[in-house]
Amino acid sequence: MRSMPSAIRFDRTGGPEVLYLAEVGSEAPGPGQVQIRQRAIGVNFIDVYHRSGLYAVPGLPSGLGSEAAGVVTAVGPGVSEFKPGDRVGYGGSAPGAYAEQRVLPADRLVPLPDGISDELAAAILLKGMTVEALVERTVPVRSGDTVLVHAAAGGVGLLLCQWLSNRGVRVIGTVSTEQKAELALAHGADEIVVGHDDFVARVRELTGGRGVRVAYDSIGRTTVPGSIECLALRGALIAYGNASGKPEPIDVLTLAKGSLFVTRPVLFHYIAERSELLASARAVFEGVLSGGLRVHIGQRFALADAAKAHVALESRQTSGATVLLP
Ligand SMILES: NC(=O)c1ccc[n+]([C@@H]2O[C@H](COP(=O)([O-])OP(=O)(O)OC[C@H]3O[C@@H](n4cnc5c(N)ncnc54)[C@H](OP(=O)(O)O)[C@@H]3O)[C@@H](O)[C@H]2O)c1
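Residues numbered from 1 in each chain as written. Predicted model: local features only at pLDDT ≥ 70, side-chain atom pairs only at ≥ 80, totals over all residues. Heavy atoms only, no water.

Next up on the list: the site of the ligand. Around the ligand, 28 residues are found, and the nearest of them are Tyr49, Ser176, Lys180, Leu267 and Arg316. The separation between an oxygen atom of the ligand and a polar main-chain atom of Ser218 is 2.8 Å. A distance of 3.3 Å separates a nitrogen atom of the ligand from a polar side-chain atom of Arg264. Summarising the interface, the protein chains cover 92% of the accessible area of the ligand, which totals 910 Å² for the free molecule. When its residues are assigned to classes, the shell around the ligand shows 13 nonpolar, 11 polar and 4 charged. Counting the residues that make up the shell around the ligand, at least three belong to each of domain 1 (6–127 + 268–325) and domain 2 (139–264). (Near = heavy atom within 4 Å. Polar contact = N/O pair within 3.5 Å; in protein donor to acceptor, adjacent residues only side chain to side chain. Areas by Shrake-Rupley, 256 points an atom, 1.4 Å probe, with all protein chains shown as cover. Nonpolar A, V, L, I, M, F, W, Y, C, P; charged D, E, K, R; others polar. Domains from an automatic or database assignment.)

Rendered as structure tokens:
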């Protein structure tokens, strides 16, 4: 690393072109904080929402990114859990992960076990903890249930398919291309619908007209009405993302046609307590180390090329996880 660390910044919200690399200087850790030399950074769709303005950032100019892994370089007063040289990761920080160096509260970091590389941690922490929260703590699913997973070959999607499959759940996925279909089928999906034109009819067909117990919808505006149509009696829509834009409001009476449930979970609310954060990360790491979760890193970009990573993610050219390398 150069003496003056660099980070991706943006001064105004907009397209990928608003992102630029700047020297930001070194920051010393304050009380309860840890300074990290970052070795790999995870790219997530929430970064697009922050950059575009769909989700507000605390202030502009701003950094970007919520997930990374690296090595502790200094600790502030009062930090006893970590020391210089420790390998740590995080998923779900305030925007600012697209950086060579970062200072964060110690209580938001997780120690990285042997066998979990920096790159792997950056690829899986935020996405994997999201999947843990969705499957284990949002709506209960049982072996034999059938569910719908949109964007099944995406960063979250491939992990979600595997986690559900490991639980004995039958997964119907949607993707945009045959290539993505193959990837999702190789990562736990049982059936794949290519394209969104007729996914409601296909899901009805594949479930003998009954519909699915849960629809995991990360696409939002273009798919939420159809996902509701796909639900079985007393089924649940988990609307957890907006890749196609903010969904239209849902008329509560729509839910009366099947006594349906709707929730809009946010990872941060499921890892708010340190004990929850550590337990969720542990479940993800155990999944990887036991072989139950395979991590597909589909794309790698240099940190300076973060804008290119965003172009790829937003134009649906990516599959699996995307990482930036400082
Ligand atoms: N609620 C939470 O706490 C939480 C936490 C983490 C992630 N998420 C959400 O989970 C979703 C997945 O995140 P990710 O980072 O893993 O991204 P991703 O799924 O790898 O990328 C998004 C995928 O969405 C699909 N898509 C469909 N319509 C799209 C459109 N109009 N524009 C762009 N993509 C479209 C594409 O797959 P196809 O080409 O196959 O259609 C695309 O590859 C995002 O919606 C994200 O916001 C939510």
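This part takes up the domain arrangement of the chain. Segmentation of the chain into domains returns domain 1 (6–127 + 268–325) and domain 2 (139–264). One C-alpha centre belongs to domain 1, the other to domain 2; they are set 27 Å apart. Taken together, the two surfaces of domain 1 and domain 2 that pack against each other cover about 1500 Å², and 57% of this comes from carbon and sulfur. Summed over the shared surface of domain 1 and domain 2, the result is 11 residue pairs in polar contact (both at pLDDT 80 or more). Of all the elements in the fold, those that place two or more residues in the side of domain 1 that touches domain 2 are α1 (45–52), α2 (118–137) and α8 (274–289). In terms of residue class, the side of domain 1 that touches domain 2 is built from 9 nonpolar, 5 polar and 3 charged. (Buried area = accessible area lost by both parts, 1.4 Å probe. Helix = DSSP H or I, 4+ residues; strand = E, 2+ residues; numbered from the N terminus.)

Before going further, it helps to spend a moment on the sheet that holds strand β10 (residues 170–175). In space, the 6 strands of this open sheet follow the order β11-β10-β9-β12-β13-β14, with parallel pairing throughout. Single-partner strands in this sheet number two, and they are β11 (191–194) and β14 (261–263). Neighbouring strand axes in the sheet, compared pairwise and without regard to direction, differ in orientation by 15 degrees on average. When strand β12 (residues 212–217) meets strand β13 (residues 231–239), the two strands line up parallel, connected through 5 bridges. Bridge pairing links Val212 to Leu231 in β13. With respect to the sheet, helix α3 (residues 155–166) is in contact with β9 (146–149), β10 and β12, its orientation differing from that of β9 by roughly 175 degrees. (Pairing = 2+ DSSP bridges. Axes fitted to C-alpha atoms, helices over the stretch in contact; angles between N-to-C directions. Contact = heavy atoms within 4.5 Å.)

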